[in-house]
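Notes for the structure review
So you can see what is in the structure, the chains are spelled out below.
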Amino acid sequence: MSVSVVRRASRTGRARLGLGLLAAIAFIVIFGPLLAPWPPTAIVAPPLEGPSAEFPLGTDLLGRDVLSRLLSGGGTLTWMTLLATGIGVVLGALIGLTAAYRDGIADTVLMRAMDVVLSFPETIFVLVFVAAFGRHPLLTASLVGVAFAPGVSRVLRGAALPVLDSEYVLWAKANGLPGRQIVLGEVLPGVTSPLMVEAGMRLVWAVTAIASLNYLGFGVSPPAPDWGLMVSENQDGLAAAPLPVLAPIALILMMALGGNLVAESVARTVSRTEGKS
């Protein structure tokens, strides 16, 4: 079912636009560092120079080439976003499916623990651990993923409950199959569509969350090139040179918008499919 959902969703104009935006971002992330005309951390000209033939997007507040930092700055945001999404979806799915299958006390304990995590604002949750263990991109991405897990777990638990009452799951239980095999082999395939929708939505949210945390200084450390960090570094020179701020914002918005269009197309396709069934 999931393959057919993706195939039908990819035929919509909304999804094609989103895939086009994501393809452009992927090109920059993969080939950008190779195309950068200057080292991203090198001071190559006076600060806040306007666009020119040598510096198409001008220079930033320290005199570094904006284009070079832009081309080199997407990799960190991308891997942090993918890691946060992966942790949130996998951990949330594991907790949600376990809670639905075990039921009773295990269900209550797991869901109440998720409620506790969910009660913390995302930024505050990250700040608590960053203050305790120090600033590191890997830690920040992992914490964002953990913050996403409660929402994913609630959705997957709700989707798994009807599947657990299906005949093939009851047959598997009656034949004494191990719980892990039932959950992974019988229940998980029945919730792939909502799982895909959750993955798409969490990916979009992770882009904005990671970019915001890098902007606030809780992820990537200067002078590393990063789109969120570029906005923070150059905001004081916005009136004199807007491109060092507006260019990375435009790419962050492209990544978030592209992911949102694709995720929304998949969600609508799943909704139509379930409505027909």
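See the structure above.
Residues numbered from 1 in each chain as written. Predicted model: local features only at pLDDT ≥ 70, side-chain atom pairs only at ≥ 80, totals over all residues. Heavy atoms only, no water.

1. Brief notes about helix α2 (residues 13–35)
In an α-helix, one full turn covers 3.6 residues, which means residues spaced three or four apart are oriented alike. Note the threshold: The secondary structure listing takes helices from DSSP runs of H or I that are at least 4 residues long and strands from runs of E that are at least 2 residues long, numbered from the N terminus. Expected span, for any helix, means 1.5 Å times one less than how many residues it has. Two axes enter the bend calculation: one fitted to the seven residues ending at the residue in question, the other to the seven starting there, and the bend is the angle between them. The rule is simple: take the accessible area with a 1.4 Å probe, protein chains only, and divide by the maximum for that residue type; under 20% is buried, over 50% is exposed, in between is partly exposed.
A rise of 1.5 Å per residue sets the reference length of α2, with its 23 residues, at 33 Å; its end C-alpha atoms lie 31 Å apart and thus fit the reference within 8%. Along α2, the helix axis deviates most sharply at V29, where the bend reaches about 40°; the proline P33 sits within four residues downstream. For α2, the set of buried residues is A15, G18, L21, I25, I28, V29 and G32.

2. Quick look at helix α11 (residues 227–234)
Put simply, the rule is: Think of a polar contact as two N or O atoms within 3.5 Å of one another; within protein, one of them needs to be a possible hydrogen donor and the other a possible acceptor, and neighboring residues in sequence only count if both atoms come from side chains.
Among the 8 residues in α11, 7 count as buried, and that is most of the element. Among the residues of α11, W227, G228, L229, M230, V231, E233 and N234 are the ones counted as buried. Backbone nitrogen of G228 and a side-chain oxygen of the N-cap are separated by 3.0 Å at the start of α11; the cap is D226.

3. What about unusual backbone geometry?
Following P222, the chain continues to P223 via a peptide bond in cis, the omega torsion being 5°. When you line up the elements, P223 lands in the loop between α10 (192–216) and α11. A positive phi angle, close to 55°, is found at L48, a residue other than glycine. Tracing the backbone through its elements, the reader meets L48 in the loop between α2 and α3 (66–72). Phi is positive for D103, which is not a glycine, with a value near 60°.

4. Some points on the packing of helix α8 (residues 167–174) against helix α9 (residues 179–187)
Formally: Here an axis means a line fitted to C-alpha atoms, over the contact stretch when the element is a helix, while the angle between two N-to-C directions is reported on a 0 to 180 degree scale. Here roughly perpendicular refers to angles of 65 to 115 degrees, roughly parallel to angles under 35, roughly antiparallel to angles over 145, and oblique to all remaining angles. Handedness of a helix crossing follows the sense of rotation of the near helix relative to the far helix, less than a right angle counterclockwise being left-handed and clockwise being right-handed. It only takes one pair of heavy atoms within 4.5 Å for two residues to be counted as in contact. Put simply, Ala, Val, Leu, Ile, Met, Phe, Trp, Tyr, Cys and Pro go in the nonpolar bin, Asp, Glu, Lys and Arg in the charged bin, and everything else, Gly too, in the polar bin.
Orientation of α8 relative to α9, taken along the N-to-C sense of each, is 155°, at an axis distance of 11 Å. On the basis of the axis angle, α8 is roughly antiparallel to α9. For the pair α8 and α9, the crossing hand works out as right-handed. From α8, Y168, V169, A172 and K173 reach across to α9, where they touch I182, E186 and V187. Residues belonging to the contact of α8 with α9 are distributed by class as follows: 5 nonpolar, no polar and 2 charged.

5. Observations regarding the pattern of salt bridges
For the record, the criterion: In what follows, salt bridge is the name for a side-chain nitrogen of Lys or Arg lying within 4 Å of a carboxyl oxygen of Asp or Glu.
Considering all chains together, one arrives at 9 salt bridges under this definition. Between R69 and E233 there is a salt bridge, with its nearest N and O atoms 3.2 Å apart. Taken together, the positions of R69 in helix α3 and E233 in helix α11 put the pair 164 residues apart, joining distant regions of the chain. Between R157 and D107 there is a salt bridge, with its nearest N and O atoms 2.8 Å apart. Placement of R157 in helix α7 (residues 137–164) and of D107 in helix α5 (residues 104–118) is noted, with a sequence separation of 50 residues between them. Residue classification places R157 among the partly exposed positions, given a relative accessible area of 24%. Salt bridges sharing common partners tie together D60, R64, R69 and E233.

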